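Remarks on the overall topology
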Amino acid sequence: MTVSINKLRVRNARQNNLKNIDVDIPLGGLTVLTGRSGSGKSSLAFDTIFAEGQRRYVETFSAYTRQFLDRMDKPAVDSVEGILPAVAIDQTNPVRTSRSTVGTMTEILDHLKLLYARAGRIHCASCGRLVTRDDPESIFRRLETEFAGADARVGTQEQLRFVVVFHIQLPEGYPEQDARDALSARGYQRVQTVGSGLLEVTQDRLVLAERNRERFIGSLEAAFETGRGQLELRRVNADGEVLEARRYSRELHCADCDIAYRDAKPNLFSFNSPIGACPVCRGFGRVIEIDYGLVIPDQGKSLRDGAVKAWETPSYSECRDELLSFAAEKGVRVDVPWRDLTPEERDWVIEGEGEWEDGVWYGIRRFFDWLESKSYKMHIRVLLSRYRAYNVCPECNGSRLVPEAHLWRLPINSYEDERGITIHELLSLPIGRAAELLGEFRDAVANTIAPGDLHNDEAGSADEAVRTVLDETLTRLSYLVEVGLEYLTLDRQSRTLSGGEVQRINLTTVLGTSLVNTLFVLDEPSIGLHSRDIARLIGILTRLRDAGNTLLVVEHEPEVILAADYILELGPEAGEHGGELIFSGTPAALLENESSPTGQALRARMSGSVVAAVSSDAASRASTPVQIVGAAEHNLKDIDVDIPTQRLVCVTGVSGSGKSTLV
């Protein structure tokens, strides 16, 4: 028997409630599987077709490899022919770790790490100035540009005189005279002692002019060589008075602040790497600390009335008594509400004056430190858990990254900070805005970057690498925008996403991988999308199909059903009364089919006869509304809402507009 290679053939499928059905699915097309809930759609799509595709794929591995993979049982089906390697994109969110974000799920963060390592510019942590590598050619070129036309402005060449100097720090115990003799042997006669073991050497005195270009550059090169990559260039007048001094460094070093920096590596911008993760929170962005809002929950209570909740038990009542005793000596008020105490009084209660052994007030903080030392006891751990909370990391302020990572910025002109944008700031922006800024930066890279503008020396190859990374990043961001996820941020934790958002992110991820000749099985990708965004979703599905893949989509959305190449409908009812194939064919044939429930519903929708009138009894029923005033959670902007009671109320709007936040 010859097997047709242009169809996926399923014979006698009886998984779950399926009743020995035969199905032919065209390969290379978009097939929608529809029907009533419980009719067997998932049983056919996921439990039969996808399960068999995965099982066969796993069977191609060696026995050694298979022991590390989940073993999948053969589904209840006689045969599945023409099946492709299968990928399931469903609504389950298996992510439970806070280390997974939208950026890591889509692999966009991996591209941004490369981008910042290649095209980022570092600014000094002390003075905030741009730190670059200097070389004699670039120094002369900048001076020439800056002082072009100086003769005409000042009428003299006095301000174009320069002195090139460098400094040498002698090792401790090294004789200064030996250093002077060594410098003299190399021709350096103008040497001064300007500090303990610090010598200042004059390399040359020069006039900035094109005729002196070779000598100027040669003097700078020699000063860099002998001065260990650093020099100072002083502009002087005819009398030798210093008008201005500038420091330059051949390395990634702020000459003004004398701070050296290391080259950026991709892992520096990753909170999942020991190199880039904040040393305090270890890349989680939050730390477990004692929450003093839980320790003192009622600010209306005074210290005497038991404001410190942890000490209102017989076990620790002694601590409260000591607090009252020391407070009387210190003059701290104990009979006024906690909220009315001065900041100094509150600080004294919490921080104390010293250790308990010193006979002074030790404070609430030292009390909990003492409890921490006893946390090997179960009842102590239970007690501590009552007063702990996840707080934003004080070191990284929630960015998860080491401080050095915040020094590197992409120079984007339209960003509010003229220095550029850090990777944490970029990850915190909505995806739509991040795409706009990176698109602007790509245009700048294509039009304005010249050799030497980047922080490394291989400017030509760096430019090409930057363009490649930018193109790939923007492509993935555009996929997220197309499926209606432009409101998300790249640092949004994956475990906080809805099922529909996870499925659409997974859809854009497979688009970014450019897979071909693959079977994609999707579970209602339109869930969570506003009607306005359905067309964009269909565009993504058809693009995936046109790349040479086969799509099997479980769906109820009419627009997606009508956009399919082929439709399968299961039914007629749910559960044991379903599991039968009641229609297979094109959308046009479905609309003409009189016995298809889906066809009937689609015809009614297209004719506009599916809207039911509101009951007059419900409309006239009096009710007291639930009033919400000044709702400002997440993206809500201090909105006031009245929700009628004893009614069916619908909250709608585009994805990300704040519906779930309100409800």
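A quick note: this is a predicted structure, and the numbers were derived from the prediction, not measured.

1. Describing a nonpolar patch on the surface
Where nonpolar side chains cluster on the molecular surface, the patch consists of Tyr 64, Phe 68 and Leu 69 and spans about 360 Å² of accessible area. Along the chain, the position of Tyr 64 falls in helix α2 (residues 63–66).

2. Some points on helix α21 (residues 597–607)
Quick reminder: α-helices carry 3.6 residues per turn. Residues three or four places apart thus point the same way. Buried residues of α21: Thr 598, Gly 599 and Leu 602, and no others. Along α21, the residues classed as buried sweep out an arc of 100° about the axis, all on the same side. Where α21 is buried, its residues touch β3 (30–35), α19 (558–562), β20 (566–571) and α20 (587–592). Positive backbone phi, approximately 80°, marks Gly 608, located one or two places after α21.

3. Concerning the pairing of strand β10 (residues 198–207)
When you tally the buried positions in β10, you get 8 out of 10 residues, the bulk of the element. Here strand β8 (residues 161–169) pairs with β10 via 9 bridges, running antiparallel. By the bridge assignment for β10, Val 164 is matched with Asp 204. Pairing analysis gives 4 bridges linking strand β9 (residues 191–195) to β10, with the strands arranged antiparallel. If you follow Thr 193 over to β10, its bridge partner there is Leu 199.

4. Re the sheet that holds strand β18 (residues 519–523)
Read across the open sheet, the 6 strands follow the order β5-β18-β19-β3-β20-β21; overall the sheet is mixed. For this open sheet the edge positions go to β5 (86–89) and β21 (580–585), each flanked by a neighbour on one side alone. Here the average twist between neighbouring strands, direction ignored, is 15°. With 5 bridges joining them, β3 and β20 adopt parallel strand pairing. By the bridge assignment, Thr 31 is partnered in β20 with Tyr 566. On the sheet, helix α17 (residues 499–513) packs against β5 and β18 and is oriented at approximately 150° with respect to β5.

5. Some details on the side chain of Arg 55
When you line up the elements, Arg 55 lands in helix α1 (residues 41–59). For Arg 55, a relative accessible area of 19% puts it in the buried group. The contacts of Arg 55, once residues within four sequence positions are left out, are Met 72, Asp 73 and Lys 74.

Each value, and the rule that gives it
Residues numbered from 1 in each chain as written. Predicted model: local features only at pLDDT ≥ 70, side-chain atom pairs only at ≥ 80, totals over all residues. Heavy atoms only, no water. Patch = residues over 30% accessible without salt bridge, like charges linked within 9 Å, V, L, I, M, F, W, Y side chains within 5 Å. Areas by Shrake-Rupley, 256 points an atom, 1.4 Å probe, with all protein chains shown as cover. Salt bridge = Lys/Arg side-chain N within 4 Å of Asp/Glu carboxyl O. Helix = DSSP H or I, 4+ residues; strand = E, 2+ residues; numbered from the N terminus. Buried < 20%, exposed > 50% of the residue type's maximum accessible area, 1.4 Å probe, protein only. Arc of directions from axis to C-beta. Contact = heavy atoms within 4.5 Å. Pairing = 2+ DSSP bridges. Axes fitted to C-alpha atoms, helices over the stretch in contact; angles between N-to-C directions.

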